[in-house]
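Structure assessment
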Amino acid sequence: MPPDAEPAHFRALEALYEAAAINRAFDSRLEIAEPGVARIRFVIDERHFHAAGAAHGTVYFKMLDDAAFYAANSLVTDRFLLTTQFNLLLTRPLKAGPVTAEGRWISGARRVLIGDARLLDADGQEAARGTGTFMRSRIPLADLPGYRR
């Protein structure tokens with residue numbers, strides 16, 4: 001990818017994230033500053049709690065998957081990637097407040113890419129980590145509502 005194409009692709013992926021209906025349920029923002037790295041800043045509140053008063057596992061999965069996914073898709077400019085596998089390790093409960101999901105591309109470039117991510121609470125403590133496998137789909141990014149270059 002030509003260096004001048006990167007910022008336009010990154011902004012288009014950020015717009016795609018914002019346009020996804022699921023993200024209306026979260027106060028979150030995707031940032032892609034460089035190839036293979038994505039960061040999602042979000043806020044957990046009581047809407048996301050399970051019965052014991054901490055974030056439900058679905059929040060962990062969603063944010064870890066999204067961060068790793070967008071880190072990988074930042075390297076692919078023509079196709080939407082699909083998650084084919086994702087492994088989670090939950091290490092501490094998340095309470096209400098700001099959280100950051102940091103994703104990075106690990107390997108792969110042609111058909112399958114691997115990425116990982118971690119969740120950091122407001123104090124910078126890791127609360128979870130995950131690794132995902134992402135496959136190129138037949139869906140052109142340019143055809144998706146929200147992907148605006």
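Structural notes, computed from the coordinates. (Residues numbered from 1 in each chain as written. Predicted model: local features only at pLDDT ≥ 70, side-chain atom pairs only at ≥ 80, totals over all residues. Heavy atoms only, no water.)

With 37 residues, the main nonpolar core has Ile40, Phe42, Met63, Tyr70, Leu94 and Leu119 as its most contacted residues. Those elements that place two or more of their residues in this core are α1 (5-19), β1 (27-34), β2 (37-44), α2 (57-73), β3 (79-90), β4 (97-107), β5 (112-120) and β6 (126-140). With 10 residues, α2 is the single largest residue contributor to this core. Sequence-distant contacts of Tyr70, that is, excluding residues within four places in its chain, are made with Leu13, Leu16, Tyr17, Leu30, Ile32 and Ala38. (Core = buried A, V, L, I, M, F, W, Y, C linked by side-chain atoms within 4.5 Å. Buried < 20%, exposed > 50% of the residue type's maximum accessible area, 1.4 Å probe, protein only. Helix = DSSP H or I, 4+ residues; strand = E, 2+ residues; numbered from the N terminus. Contact = heavy atoms within 4.5 Å.)

A separate point is the sheet that holds β4. Pairing within the open sheet is antiparallel, and its six strands lie in the order β1-β2-β4-β5-β6-β3. The sheet is open, and its two borders are formed by β1 and β3, each paired with just one other strand. Neighbour to neighbour, the strand axes of the sheet diverge by 25 degrees on average, direction disregarded. Sheet topology note: the β2/β4 ladder contains eight bridges and is antiparallel. Considered in β4, the bridge of Arg39 is made with Glu102. Across the sheet, α2 touches β1, β2, β3, β4, β5 and β6, and the angle it forms with β3 is around 135 degrees. (Pairing = 2+ DSSP bridges. Axes fitted to C-alpha atoms, helices over the stretch in contact; angles between N-to-C directions.)

In a regular helix each residue adds 1.5 Å, so 17 residues correspond to 24 Å; α2 covers 24 Å between its end C-alpha atoms and thus fits that length. Burial runs high along α2: 14 of the 17 residues are buried. (Expected span 1.5 Å × (residues − 1).)

Moving on, we come to the side chain of Asn23. Summarising the element assignment, Asn23 is placed in the loop between α1 and β1. The class for Asn23 is buried, based on a relative accessible area of 9%. A distance of 2.6 Å separates a polar atom in the side chain of Asn23 from the backbone oxygen of Tyr17. Residue contacts for Asn23: discarding those within four places in its chain leaves Tyr17, Ser28, Lys62 and Asp66. (Polar contact = N/O pair within 3.5 Å; in protein donor to acceptor, adjacent residues only side chain to side chain.)

We now examine the packing of aromatic side chains. A full pass over the atoms with the stated rule returns five aromatic pairs. Ring centres of Phe69 and Tyr70 lie 4.7 Å apart, and the angle between their planes is 85 degrees; on these two criteria the pair is classed as edge-to-face. Judged by relative accessible area, Phe69 falls into the buried class, the value being 6%. Here Tyr70 falls in the buried class, since its relative accessible area comes to 6%. Their ring planes at 70 degrees and their centres at 6.1 Å tell us that Phe69 and Phe134 sit as a pair that is edge-to-face. A residue pair is termed long-range when its members are at least 10 positions apart, and Phe69 in helix α2 and Phe134 in strand β6 qualify at 65 residues. Neither residue differs from the other here; Phe69 and Phe134 are each classed as buried. (Phe/Tyr/Trp six-rings, centres within 6.5 Å; stacked < 30°, edge-to-face > 60°.)

Before going further, it helps to examine a nonpolar patch on the surface. Taken together, Phe61, Leu88 and Leu90 make up a surface patch of nonpolar side chains, about 250 Å² in accessible area. Summarising the element assignment, Leu88 is placed in strand β3. (Patch = residues over 30% accessible without salt bridge, like charges linked within 9 Å, V, L, I, M, F, W, Y side chains within 5 Å. Areas by Shrake-Rupley, 256 points an atom, 1.4 Å probe, with all protein chains shown as cover. Salt bridge = Lys/Arg side-chain N within 4 Å of Asp/Glu carboxyl O.)

Looking at the element boundaries, Asn73 is found in helix α2. A polar atom in the side chain of Asn73 sits 3.1 Å from the backbone oxygen of Arg79. Within polar-contact distance, the side chain of Asn73 engages the backbone nitrogen of Leu81 at 3.1 Å. Ignoring sequence-local partners within four residues, the contact set of Asn73 consists of His9, Leu13, Arg79, Phe80, Leu81 and Leu141.

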